[in-house]
Amino acid sequence: GGEKRGALPRTPVRRGVSPLQKGGAAMAAQPVSAVPHARRAYSLVGQGAAARGRRHRDGRRLGRPDDPEKFVSGADGNRRIDMRRCALLVTAALAAALAAQEAAKQEVEPKRLLVAALDGDGKDAWTGYAVSDTLAWRLKRALKEGVVYDYEVLLVGLQRGLLRYAELNKETSARKLLEVTPAAYLLTGRVKSDDGKVKVDLALWRKDGESLKKRERHVEAESGDWEKAADAVSAAAADLLGWKLDRSALKGLTVSAAAFVDYGRMLRAKRDPETYAEAGETAAKLIRSGERGAAALYHAGWLYATRAGSVGDVEARIKLMDAAKKAFGAAGRKLAGTAGVQPYVARALNSLGLMHYAEEEPGDAERYFTLAVRADPRLAEAHHNLANVRRQLGKLDKALQAGAVAYRLMPEAGICIDMGAVFMDMMDRAVEAKDEARKKESLMKAETWFRRAVSHDEDSLGAHQWLALVLDIQGRPKEALPHYRRYKQLGGADDTTLDRLDELEEKFGSDGEKK
């Protein structure tokens with residue numbers, strides 16, 4: 001069907017058109033990579049038409065003696081075209097073109113993978129969370145092209161998709177997660193302990209137009225030997241993905257083997273705000289037991305900072321924030337002398353940057369965001385934050401550079417809005433410089449980013465507000481009106497924006513026509 005991504009577009013079929021001609025028309029709509037195959041199909045179509053068009057004076061068709069593979073002798077001694085043979089050749093050419101199209105799609109399709117927590121009952125759930133976290137950590141370090149989203153991105157997806165308490169190894173959950181996150185691929189699974197073994201059913205989900213494709217693998221390992229269990233799951237995941245991976249990076253655990261199950265318990269409790277206290281207690285237990293890896297330190301800092309946000313007492317809040325900064329700092333210092341991608345070191349440094357940004361120390365924030373990018377060049381949040389702080393510092397060109405990288409890694413509405421806002425700042429500078437050309441160009445680029453934000457999230461209040469404003473500034477109030485209205489519908493409460501909506505409603509009326 002032509003509605004599915006990657007399928008042949010529908011071609012109008014006219015009465016009297018031969019299968020060869022229909023095949024050639026469909027080939028005309030193929031991507032560039034399929035053009036050589038298309039030329040072959042067109043050549044066959046041309047041969048058939050030429051043979052049908054050339055007739056002997058007694059009405060018998062004449063063939064082409066210089067092309068014996070495609071023609072056979074007739075009973076009367078003349079050569080005639082074998083239409084069945086020709087049709088088979090065209091069918092083969094079409095099949096080759098479709099294969100080329102599928103290969104091209106795989107090459108350009110974004111390799112954006114989200115690793116979900118593995119389902120399980122009781123303590124098996126703790127094992128599942130620790131195994132999936134180790135898998136994401138390994139894949140982040142091993143993947144040569146593309147991006148792997150970690151547990152933090154999963155938590156956001158669970159909140160957006162209302163999946164906080166749902167089992168994730170189901171089609172409904174997988175479909176929702178792929179809708180609310182930028183991921184094109186999703187790894188889920190289920191863990192079960194039985195007869196001294198850990199058994200994992202792993203599933204890879206991939207968006208294919210409106211449908212989902214699923215591939216599965218089953219692995220087993222000795223219970224308690226977490227390194228081997230992680231090795232087995234990593235090998236199965238690599239096999240399912242079929243991507244270019246640095247196999248030497250598919251080793252190690254995010255925490256020590258002794259802390260593995262408790263670490264998974266902490267991650268499981270971190271999924272639900274109602275169990276943050278349990279998560280914090282487990283994190284503290286890990287730190288007291290001597291666990292000093294970047295992963296445990298980062299999560300401990302995250303839980304301290306999150307708890308501080310809900311504490312009313314000022315002194316207690318300051319104490320918790322100091323503890324968070326200390327944990328993040330200890331994790332961040334592991335960057336020195338460490339080779340390769342360090343996902344949790346990057347997370348910790350990014351968190352330190354956010355803390356300095358909140359304390360109105362943009363210079364220090366920029367420094368930590370830059371370090372985070374060095375620790376993990378594919379951490380989209382660090383690039384996004386770097387873009388925002390550079391915008392605040394007036395480094396607009398550098399802000400655009402960092403924002404473009406962030407969008408490539410994680411295409412979502414929030415990054416689009418911030419990119420558009422940078423161009424609005426450029427527009428302000430153009431107005432001050434009385435540069436009309438730069439002003440117009442900046443407004444056009446800002447509009448592009450705000451429209452892109454709306455396309456990613458039609459319910460984004462900020463996207464509609466900004467888009468309405470930029471259209472209004474360009475003298476297109478009628479186009480801005482629907483976005484002002486949508487802003488109000490979504491609960492927007494900015495007085496200036498709502499006053500402008502009232503003015504336009506008075507001017508154009510509810511039908512959008514000028515009074």
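This report concerns the structure included in the present document.

What counts as what
Residues numbered from 1 in each chain as written. Predicted model: local features only at pLDDT ≥ 70, side-chain atom pairs only at ≥ 80, totals over all residues. Heavy atoms only, no water. Helix = DSSP H or I, 4+ residues; strand = E, 2+ residues; numbered from the N terminus. Buried < 20%, exposed > 50% of the residue type's maximum accessible area, 1.4 Å probe, protein only. Contact = heavy atoms within 4.5 Å. Phe/Tyr/Trp six-rings, centres within 6.5 Å; stacked < 30°, edge-to-face > 60°. Lys NZ or Arg CZ within 6 Å of the ring centre and 35° of its normal. Pairing = 2+ DSSP bridges. Polar contact = N/O pair within 3.5 Å; in protein donor to acceptor, adjacent residues only side chain to side chain. Core = buried A, V, L, I, M, F, W, Y, C linked by side-chain atoms within 4.5 Å. Axes fitted to C-alpha atoms, helices over the stretch in contact; angles between N-to-C directions. Parallel < 35°, antiparallel > 145°, perpendicular 65-115°, else oblique. Left-handed = near helix turned anticlockwise from the far one by under 90°. Expected span 1.5 Å × (residues − 1).

### A few points about the environment of Val255
Positionally, Val255 belongs in the loop between helix 7 (226–241) and helix 8 (260–270). The exposure class of Val255 is buried, given its relative accessible area of 4%. The spatial distance from the C-alpha of Val255 to the C-alpha of Glu291 is 7.3 Å, given a sequence separation of 36 residues. In contact with Val255, other than residues within four places in its own chain, are Phe260, Tyr263, Glu291, Ala295 and Ala296.

### Topic: the packing of aromatic side chains
Following the criterion strictly, the structure yields eight aromatic pairs and no others. Centroid distance Tyr129 to Tyr151: 6.1 Å. Interplanar angle 85°. Geometry classified as edge-to-face. Highlighted residues: Tyr129 in helix 4 (residues 123–142) and Tyr151 in helix 5 (residues 151–160), separated in sequence by 22 residues. Side by side, Tyr129 and Tyr151 carry an identical accessibility label, which is buried. Seen from their ring centres, Trp226 and Phe260 are 5.3 Å apart, and the 20° between their planes marks the pair as stacked. Remark: Phe260 occurs in helix 8 and Trp226 occurs in helix 7; sequence separation between them is 34 residues. Put simply, the rings of Tyr298, Phe328 and Tyr344 pair up and form one aromatic cluster. A cation over a ring is seen here: Arg141 above Trp137, with NZ or CZ 4.3 Å from the ring centre. Just above the ring of Trp449 sits the side chain of Arg452; from NZ or CZ to the centre is 4.4 Å.

### Overview of the pairing of strand 5 (residues 185–194)
With three bridges connecting them, strand 3 (residues 112–115) and strand 5 associate as parallel partners. Directly across from Val115, in strand 5, lies its bridge partner Leu187. Looking at chain direction, strand 5 and strand 6 (residues 197–208) are connected through 10 bridges and run antiparallel. Across the sheet, the residue bridging to Ser193 is Val198, located in strand 6. Two successive antiparallel strands, strand 5 and strand 6, enclose a turn made up of two residues, where Asp195 displays a positive phi of approximately 55°.

### Structural notes on the side chain of Arg390
Tracing the chain through its elements places Arg390 in helix 14 (residues 380–392). Here Glu366 takes part through its side chain, which lies 3.2 Å from a polar atom of the side chain of Arg390. The residues contacting Arg390, other than those within four sequence positions of it, are Glu366, Thr370, Lys395, Lys398, Ala399 and Ala402.

### Quick look at the nonpolar core
Ranked by internal contacts, the top residues of the largest apolar core, which has 135 residues, are Leu113, Leu139, Leu154, Leu187, Tyr263 and Leu349. Element by element, the count of residues in this core is highest for helix 16 (residues 413–432), at 10 residues. In contact with Leu349, other than residues within four places in its own chain, are Gly332, Leu335, Tyr368, Leu371, Ala372 and Ala375.

### Structural notes on the packing of helix 17 (residues 436–456) against helix 18 (residues 461–473)
Running from amino to carboxyl end, helix 17 crosses helix 18 at an angle of 150°, the nearest separation of the two axes being 9 Å. In terms of axis orientation, helix 17 runs roughly antiparallel to helix 18. Here helix 17 and helix 18 pass one another in a crossing that is left-handed. Contact residues: Leu443, Ala446, Glu447, Phe450, Arg451, Ala453 and Val454 in helix 17; Ala463, His464, Trp466, Leu467, Val470, Leu471 and Ile473 in helix 18.

### With respect to helix 17
Its 21 residues place the ends of helix 17 31 Å apart at the C-alpha level, agreeing with the 30 Å of an ideal helix rising 1.5 Å per residue. On the buried face of helix 17, the contacting elements are helix 15 (396–409), helix 16 and helix 18. Near the N-terminus of helix 17, the side chain that reaches the backbone nitrogen of Ala437, with its oxygen 3.3 Å away, is that of Asp435.

### A closer look at the sheet that holds strand 6
Across the sheet, which stays open at both edges, the five strands sit in the order 4-3-5-6-7 with mixed pairing between neighbours. Strands with a single pairing partner mark the edges of an open sheet, and in this sheet they are strand 4 (147–149) and strand 7 (211–222). Neighbour to neighbour, the strand axes of the sheet diverge by 20° on average, direction disregarded. On the sheet, helix 4 packs against strand 3, strand 4 and strand 5 and is oriented at approximately 140° with respect to strand 5. Contacting strand 3, strand 5, strand 6 and strand 7, helix 7 crosses the sheet at an angle of about 155° to strand 7.

### A look at the side chain of Arg112
Along the polypeptide, Arg112 turns up in strand 3. By relative accessible area, Arg112 is classed as buried at 16%. Separated by 2.8 Å, the side chain of Arg112 and the backbone oxygen of Pro182 make a polar contact. Beyond its immediate chain neighbours, meaning those up to four positions away, Arg112 contacts Val147, Tyr149, Pro182, Ala183, Ala184, Tyr185, Trp243, Arg408, Leu409 and Pro411.

### Quick word on helix 10 (residues 294–308)
Each turn of an α-helix holds 3.6 residues, which means side chains three or four residues apart point in the same direction. The terminal C-alpha atoms of helix 10 lie 21 Å apart, and with 15 residues this matches the ideal 21 Å at 1.5 Å per residue to within 8%. All of the buried residues along helix 10 are Ala294, Ala295, Ala296, Leu297, Tyr298, His299, Ala300, Gly301, Trp302, Leu303 and Ala308. Its buried side turned inward, helix 10 meets helix 5, helix 8, helix 9 (276–288), helix 11 (314–332) and helix 12 (343–358).

Fair warning: the whole summary comes from geometry, so function is off the table for now.
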